[in-house]
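Here is how the chains run, residue by residue.
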Amino acid sequence: MRTYLRKINDITQEELAERLSVSRQTISKWEMNQAYPEIPKLIEIGNIFH
């Protein structure tokens with residue numbers, strides 16, 4: 001996951017982490033391609049960003 005959608009929607013890593021019930025560090029790892037979200041989290045991300 002890249003930061004683009006999060007930034008254009010003015011959502012911080014902390015806010016996104018809360019909405020997805022994960023840690024801010026998890027969001028950071030996803031954005032730096034050090035880890036990848038599970039399919040259910042990808043669906044939630046898609047719903048958040050339409």
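Residues numbered from 1 in each chain as written. Predicted model: local features only at pLDDT ≥ 70, side-chain atom pairs only at ≥ 80, totals over all residues. Heavy atoms only, no water.

Peer 1: Got a minute to help me understand helix 2 (residues 13–20) in this structure?
Peer 2: Residue pairs spaced three or four apart in an α-helix point in one direction, given the helix's 3.6 residues per turn. Inspection of helix 2 places Q13, L16, A17 and L20 among the buried residues, and these make up the whole buried set. With its buried residues spanning 100° around the axis, helix 2 presents them on a single face. Looking at the buried side of helix 2, the elements it contacts are helix 1 (4–8), helix 3 (24–31) and helix 4 (39–49). At the exit of helix 2 stands S21, carrying a positive phi of roughly 60°. (Buried < 20%, exposed > 50% of the residue type's maximum accessible area, 1.4 Å probe, protein only. Helix = DSSP H or I, 4+ residues; strand = E, 2+ residues; numbered from the N terminus. Arc of directions from axis to C-beta. Contact = heavy atoms within 4.5 Å.)

Peer 1: Could you clarify how one ought to interpret the nonpolar core in this entry?
Peer 2: Buried together is how nonpolar side chains tend to be arranged in soluble globular proteins. Counting residues in hydrophobic clusters, the biggest one holds 9 residues: I11, L16, A17, L20, I27, W30, I45, I48 and F49. Secondary-structure elements contributing two or more residues to this core are helix 2, helix 3 and helix 4. (Core = buried A, V, L, I, M, F, W, Y, C linked by side-chain atoms within 4.5 Å.)

Peer 1: Looking at this structure, I do not really get the side chain of R6. What am I missing?
Peer 2: Note on placement: R6 falls in helix 1. Classification of R6 by relative accessible area gives buried; the value is 9%. At a separation of 2.5 Å, a polar atom in the side chain of R6 contacts the side chain of E31. Each residue touching R6, except ones within four places of it in the same chain, is listed here: I11, T12, Q13, L16, E31 and F49. (Polar contact = N/O pair within 3.5 Å; in protein donor to acceptor, adjacent residues only side chain to side chain.)

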